[in-house]
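Examining the three-dimensional arrangement
What follows is the residue order along each chain.
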Amino acid sequence: MNFIKSRYFLYTFFILFFSCKEAEKKPTLLVKIASPEELYGTLFYDVQQNEKLFSDSKTFVDAIPKKPLSTIKSNYTKIKDTSSAVIRQFIRDNFELPGENASQNYQTDSLAINTHIKKLWSVLKRPADTKATGTLIPLPNPYIIPGGRFREIYYWDSYFTMLGLEVDGELETIQNMVDNFSFLINKYGFIPNGNRTYYLSRSQPPFYSLMIDLLAEEKGDSIYTTYLPELEEEYQFWMKGTNTFSESNLVSKRVVKMPDGSVLNRYFDDKNTPRPESYREDVKTAKEAVATNEKLTKEYVYRNLRAAAESGWDFSSRWIKPNKKGEFNLSAIHTTDILPVDLNTLLFHLEKTLAKAYLIDGEQEKYKNYKALANKRAAAIEKYFWSPKNSFYMDYDFTKQQHTSVISMAGVYPLFFQISSEEKAKKVAAIVESQLLKKGGVVTTSNYSGQQWDAPNGWAPLQWICYKGFQNYGISKLASTIKKRWTSLNKKVYKDTYKMTEKYNVEDISKESGGGEYPTQDGFGWSNGVYKKLTSE
């Protein structure tokens, strides 16, 4: 374990070493690692509030400075004319803007879809980073990005990408990505949403323990003890605040103490300001929220938008209070009031994985402790998330002490992790088949909110969770139907466009997906991975 720890100190040393070497050659390119607000000051706010400059708020925060930050900021203070044209020229003179990703231009009309995906891995692969550039957090090993506007590694995306890499024999790439995430855990104490400085206040669904499972399948159980320190650190991040509970304070960061004494988790973000990569959108949403509900503060809205981003489901009716008409307006977001069923099953798996790792490592007391924690969480999942009324696993609003109204694919996670009973699994299957199964696979929720994680969209990771969940309980016919409909839709879109896209319209398979803050992206990491894995099953 000491060797593993020292490995990451070496990684850090090499990054700093190469950064210094670069600085000797090109001192103008070396920048400090900080959020875009800290890096660019007034320039950041002027750019992000000006909708005429960039249609996508993520463009500027991903830009690379061409000159020292002190020079850029000093020169900007001298500008008297802050019109769009002047600022645009200033940015061109001082920054290298992110161009179109190679994956956006890559296509073929002669290869079969599986061959296309295999070749696409090299298009989506990024080399190890040798220096900090703008908001990018350097990583010591090569990695796969999702594609399109997503020019960095993403936490939960990567697990589903790895499923396809495994099929294609890309074990070294999987190892590199796991080591990158381990590096981030050791450096920051958790895995950020992605390797950008503006993601350092939040994580994403904790799939790290499943990545370790994947690596152990190829390399044996010693993998669990190799990455035991990182698994432990990951767990402590999600459980931070449990030691601050008192009779008057039962909620802290990502943990909530329930009336029966059990502890469950929610999504959260350590900041309560607009997301830098979605600045204009967040400011607009907060303004609308405060205008319609005087009891709200903008800070409350920002925190809940950020927490929803940590969930990976940004955005969805799961996190929104419906109005009297049953409509879901983003301004009514209240993510931090909700205990999500999927997050808590993922942490159940992390507790089980830690128990397994400590057992292999010969630490009996810690094994027993984590086994007990996993059993206690499984019981709490059954108690708080199962809805007899809906015959489904539902998210739980702990402030109202009741389930939310949204039927979503998150309700299948207890089947994926084999927490559910056989009887309940059959009931879940019946609801999925009657309410969520469509021509192209399973829809994310049954609500039409205009958000991308709602109807009519389907997403690759949820198809896999659903397929494996039903397979675990012998509900093979429905699992096969989902697999066939989803992969057929993928092939249809590929035949029409020669693209693998981020999400799909599973209701009207003649139309593209939509909704959300940005257009549908192509590339696309997790769609590639899940298609590969499903077609290999």
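Residues numbered from 1 in each chain as written. Predicted model: local features only at pLDDT ≥ 70, side-chain atom pairs only at ≥ 80, totals over all residues. Heavy atoms only, no water.

Quick notes on the layout of surface pockets
Counted only if it meets this: Lining residues are those with an atom within 4 Å of a point, where the points come from a 1 Å grid over the protein atoms alone and group into cavities, where a 1.4 Å probe fits but cannot get out, or pockets, open sets with protein on both sides within 12 Å along at least five of seven lines. Grid points are joined across faces, edges and corners, and a volume is the space filled by probe spheres set on the points. Helix and strand assignments follow DSSP, with helices taken as H or I runs no shorter than four residues and strands as E runs no shorter than two, numbered in order from the N terminus. Amino acids outside the nonpolar list (Ala, Val, Leu, Ile, Met, Phe, Trp, Tyr, Cys, Pro) and the charged list (Asp, Glu, Lys, Arg) are all regarded as polar, and Gly is one of them.
Reported here for the largest pocket is a volume of approximately 530 Å³. Leu210, Asp213, His349, Phe416 and Phe417 are the residues nearest the centre of the largest pocket, which is lined by 23 residues in total. Elements that contribute at least two residues to the lining of the largest pocket include exactly helix H9 (155–167), helix H11 (208–219), helix H16 (341–360), helix H17 (364–385) and helix H20 (460–472). When residues in the lining of the largest pocket are grouped by element, the largest group, six residues, is from H16. Grouping the constituent residues of the lining of the largest pocket by class yields 11 nonpolar, four polar and eight charged.

Overview of H17
The line we're drawing: Between the first and last residue of a helix there are one fewer steps than residues, each counted as 1.5 Å, and that sum is the expected span. Only protein chains enter the calculation, and the probe is 1.4 Å; a residue is then buried if its accessible area is under 20% of its type maximum, exposed if over 50%, and partly exposed in between.
With 22 residues, H17 should cover 32 Å at 1.5 Å per step; its first-to-last C-alpha distance of 31 Å lies within 8% of that length. Within H17, the full set of buried residues consists of Tyr367, Tyr370, Ala374, Arg377, Ala378, Ala380, Ile381, Glu382, Tyr384 and Phe385.

A few points about the sheet that holds strand E5 (residues 251–252)
Strand pairing in a sheet relies on backbone hydrogen bonds, with the paired strands running either antiparallel or parallel. Quick reminder of the rule: DSSP-based pairing: two strands are paired if at least 2 bridges between them are found.
In spatial order, the strands read E5-E6-E7; together these three strands make up an open sheet with antiparallel pairing. Edge positions in the sheet fall to E5 and strand E7 (263–265), since each of these pairs with one other strand and no more. In the sheet, strand E6 (residues 255–257) pairs with E7 via three bridges, with the strands oriented antiparallel. Within E7, the residue paired with Lys257 across the bridge is Val263.

Here we look at the sheet that holds strand E8 (residues 338–339)
Strand order in this open sheet of three strands is E8-E11-E12, and the pairing throughout is antiparallel. The sheet is open, and its two edges are formed by E8 and strand E12 (402–403), each paired on a single side. In terms of strand pairing, strand E11 (residues 396–397) meets E12 through two bridges, oriented antiparallel. Paired with Asp397 across the two strands is Gln402, which belongs to E12.

Topic: the environment of Glu152
Put simply, the rule is: Contacts described as polar in this section are N or O atom pairs within 3.5 Å, which, within protein, must combine one atom able to donate a hydrogen with one able to accept it, while residues neighboring in sequence count only if both atoms come from side chains.
Secondary-structure assignment places Glu152 in the loop between strand E4 (143–144) and H9. Taking relative accessible area as the criterion, Glu152 reaches 0% and is therefore assigned buried. With 28 residues separating them in the primary sequence, Glu152 and Leu124 have C-alpha atoms 9.9 Å apart. A polar contact of 2.8 Å, which involves the side chain of Glu152, links it to the side chain of Lys58. For Glu152, the side chain forms a polar contact with the side chain of Tyr154, separated by 2.6 Å.

Side note on the pattern of salt bridges
Here is the rule: Salt bridges are counted wherever a side-chain nitrogen of Lys or Arg sits within 4 Å of a carboxyl oxygen of Asp or Glu.
Overall, the coordinates contain 25 salt bridges when judged by the stated rule. Between Arg202 and Glu277 there is a salt bridge; the shortest N-O distance is 2.8 Å. Linking Arg202 in the loop between helix H10 (171–188) and H11 with Glu277 in the loop between E7 and helix H14 (279–292), this pair joins segments that are 75 residues apart in sequence. We note that Arg202, like Glu277, is buried.

Regarding the confidence of the model for the protein chain
The cut-off we apply is this: For every residue, the predictor states its confidence as a pLDDT score lying anywhere from 0 to 100. The criterion used for residue contact is that any of the two residues' heavy atoms lie within 4.5 Å.
Per-residue pLDDT for the protein chain averages 92, and the proportion of residues at 70 or more is 91%. Highest mean pLDDT in the protein chain belongs to helix H18 (residues 413–416) (99); lowest belongs to helix H1 (residues 2–25) (42). Contacts for the low-pLDDT stretch residues 1–30, under 50 throughout, to residues beyond four places or in other chains number 43 contacts.

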